[in-house]
Amino acid sequence: MPRQARLDTPGALHHIIVRGINKSIIFEDEQDKELFLKRLGQNVADAGGSVYAWAIMDNHVHILFKSGWKGISSVMRKLLTWYAQYFNRRHFRTGHLFENRFKSILCEEDKYFLALIRYIHLNPVRVKNVTTLKELDLYPWTGHSAIVGYFQHDWMDNKIVLSQFGTREKPARNAYRAFIAEGMTMGVIPELTGGGLIRSKGGWSQVIAARRMGEKEEYDERILGGGDFVDAILKETEEKMRSQLKLRPPGKTLTEIIEEECARFKISIHELRNGSRRRKVSALRALIAKRGLDEAGISLAEIARQVGVTTSSIARAVARTEKENHFHAYARL
């Protein structure tokens with residue numbers, strides 16, 4: 001079955017889950033975790049996003065992330081491409097580090113915001129890395145420790161989280177800690193790790209009961225929310241896709257894009273693929289990569305192979321292009 005497109009729009013709330021391939025370790029020590037967090041913070045800040053909760057485990061990561069002007073894919077692609085290369089180089093390994101694509105579930109904020117924060121921050125409790133609330137306060141590998149004031153991460157939006165519990169900081173932190181404490185004995189809650197009708201309803205029994213009463217709701221595995229929310233998101237996404245399709249040439253392949261742009265730039269395909277570092281050739285590669293991503297949905301690895309450079313080089317080129325485009329758009333305001 002072909003994989004579905006990601007659902008995203010600026011300001012959307014996502015529960016992001018990244019897993020090691022075959023459940024393998026993706027963090028060997030504290031240095032790995034610290035560098036991952038540092039790069040996450042940089043990418044989120046560059047993209048104008050917000051992080052409300054996160055948990056780093058040995059073989060997976062949870063992030064509650066509100067997308068900014070770049071969306072989630074650009075941020076996560078840059079982060080995971082860089083981290084996989086860093087990890088493989090440092091630990092003398094080769095091959096894929098992560099399991100397929102990262103998982104992102106677009107969430108109904110009003111309904112699930114606080115539940116997701118608590119669920120994500122209690123990951124170390126569920127696997128018994130910590131056993132008490134005080135230990136969780138001091139545990140450095142979830143966002144909880146930053147919200148209660150023991151660690152500082154400038155890229156986390158703690159104010160929004162605490163505003164759900166009060167207007168004054170100290171009472172709000174106490175209320176937040178009490179909320180976390182109430183969940184300490186909760187186990188795994190499947191509806192908070194994915195979308196779909198069953199999870200949105202809160203379980204199969206609720207779905208059956210609703211059907212017996214004649215209720216019908218929209219559902220989608222990529223969305224965690226009620227039927228009205230799912231319906232609204234799907235309609236917005238459909239309209240956005242229609243708009244994008246009007247702007248893009250139909251049926252373009254990466255080969256056609258390469259031939260078209262090489263002819264326009266008056267650069268041979270041989271030079272493009274032969275590792276030339278001429279500035280004009282580098283600019284051409286960046287343009288081809290951006291068009292390949294936007295128009296044909298081609299992976300960075302495949303684009304890199306077709307234009308004769310490494311995946312990391314193409315990722316950097318795309319990032320530079322996106323940053324320059326954003327700067328010029330901002331300058332025109």
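Up top is the structure these notes are about.
In this text, all values refer to a predicted model and were calculated from it rather than measured experimentally. Numbers given for residues are sequential positions, taken from 1 along each chain in its written order. Since the coordinates come from a predicted model, pLDDT governs what is reported: local features require at least 70, and pairs of side-chain atoms require 80 or more to be given and counted, while whole-chain, interface and lining totals use all residues. Just so you know, side-chain values use all the structure's heavy atoms and leave hydrogens and water out.

Participant: Is there a simple way to think about the overall build of the protein in this case?
Facilitator: Counting from the N terminus, the helices are the DSSP runs of H or I reaching at least four residues and the strands are the DSSP runs of E reaching at least two. Looking only at helices and strands, one finds 16 helices and five strands in the protein. Throughout this description, buried means an accessible area under 20% of the type-specific maximum (1.4 Å probe, protein chains only), exposed means over 50%, and partly exposed covers the range between. Taking all 333 residues of the protein together, the buried fraction comes to 47%. By definition, residues are in contact when any of their heavy atoms lie within 4.5 Å. Put simply, 66% of the contacts in the protein that link residues at least 6 apart link residues at least 24 apart. Residue-level accessible areas treat just the shown protein chains as cover; the underlying method is Shrake-Rupley with a 1.4 Å probe. Put simply, the protein shows about 18300 Å² of open surface, and 52% of that area lies on carbon and sulfur atoms.

Participant: Before we go on, may I ask you to explain the packing of helix 1 (residues 30–47) against helix 2 (residues 71–90) in this structure?
Facilitator: When two helices pack together, their arrangement is given by the angle between their axes and by how far apart the axes lie. Axis separation between helix 1 and helix 2 bottoms out at 10 Å; the angle between their running directions is 155°. Here helix 1 is positioned roughly antiparallel relative to helix 2, judged by the angle of their axes. For the element pair helix 1 and helix 2, the recorded crossing hand is right-handed. When helix 1 is examined against helix 2, the residues Q31, D32, L35, F36, R39, L40, N43, V44, D46 and A47 are found in contact with a partner set consisting of V75, K78, L79, L80, W82, Y83, Y86, F87 and R90. Polarity classes work like this: nonpolar for Ala, Val, Leu, Ile, Met, Phe, Trp, Tyr, Cys and Pro, charged for Asp, Glu, Lys and Arg, and polar for all others, with Gly in that last group. Each residue belonging to the contact of helix 1 with helix 2 can be placed in one class, and the counts come to twelve nonpolar, two polar and five charged. Where helices are involved, their axes are fitted lines through C-alpha atoms of the stretch in contact, as for all axes, and angles between N-to-C directions lie from 0 to 180°. Orientation labels follow simple angle bins: below 35 degrees gives roughly parallel, above 145 gives roughly antiparallel, 65 to 115 gives roughly perpendicular, and whatever is left gives oblique. Each crossing gets its handedness from the near helix: less than a right angle anticlockwise from the far helix is left-handed, clockwise is right-handed.

Participant: Quick question: what am I supposed to make of the packing of aromatic side chains here?
Facilitator: Here a ring pair, both rings aromatic, is described through the centre-centre distance and the interplanar angle of the planes. When two rings of Phe, Tyr or Trp (its six-membered ring) have centres within 6.5 Å they constitute a pair, described as stacked for plane angles under 30 degrees, edge-to-face for angles over 60, and tilted for the intermediate range. Counted by the stated rule, this structure contains twelve aromatic pairs. Each ring, one from Y83 and one from F98, has its centre 6.3 Å from the other, and the planes form 40°; the classification is tilted. One end of the pair, Y83, is in helix 2; the other, F98, is in the loop between helix 2 and strand 4 (103–107), with 15 residues separating them in the sequence. Like F98, Y83 is buried. Aromatic side chains F165 and F179 sit 5.6 Å apart centroid to centroid with 50° between the ring planes, which places their arrangement in the tilted category.

Participant: When you look at the nonpolar core in this model, what are you seeing that I'm missing?
Facilitator: Across soluble globular proteins, you tend to see nonpolar side chains buried next to one another. I63, L64 and Y176 are the most contacted members of the largest nonpolar core, which totals 60 residues. For this core, the element with the most residues is helix 2, which contributes nine residues. Residue contacts for I63: discarding those within four places in its chain leaves H14, H15, I16, L40, V51, A53, W54, M76 and I120. To qualify as a nonpolar core, a set must consist of buried Ala, Val, Leu, Ile, Met, Phe, Trp, Tyr and Cys residues joined through side-chain atoms within 4.5 Å. With 19 residues, the next largest nonpolar core counts A289, I303, V307 and I314 among its residues.

Participant: Looking at this structure, how should I read a nonpolar patch on the surface?
Facilitator: On the surface, a nonpolar cluster with roughly 280 Å² of combined accessible area is contributed by L138, Y150 and F151. You can call L138 partly exposed: its relative accessible area is 44%. Patch definition: residues with relative accessible area over 30% and no salt bridge; like charges joined within 9 Å; nonpolar side chains (Val, Leu, Ile, Met, Phe, Trp, Tyr) joined within 5 Å. Any carboxyl oxygen of Asp or Glu within 4 Å of a side-chain nitrogen of Lys or Arg constitutes a salt bridge here.

Participant: Could you clarify how one ought to interpret the pairing of strand 1 (residues 13–19) in this entry?
Facilitator: For a regular strand, the rule is simple: side chains alternate between the two faces of the sheet. In terms of residue burial, strand 1 counts as a mostly covered element, since six of its seven residues are buried. Strand direction decides the pairing type here: strand 1 and strand 3 (residues 60–66), joined by seven bridges, are antiparallel. Bridge pairing in strand 3 places V18 opposite V61. Bridging between strand 1 and strand 4 involves five bridges; their strand directions are antiparallel. For two strands to be treated as a pair, DSSP must find no fewer than two bridges joining them.

Participant: I'm lost on the environment of G68 in this one. Help?
Facilitator: Mapped onto the elements of the fold, G68 is located in the loop between strand 3 and helix 2. Looking at G68, the relative accessible area reads 7%, which means it is buried. Considering only alpha carbons, one finds G68 and G48, 20 residues apart in sequence, at a separation of 4.5 Å. Residues within four places of G68 in sequence aside, it is in contact with P10, A47, G48 and G49.

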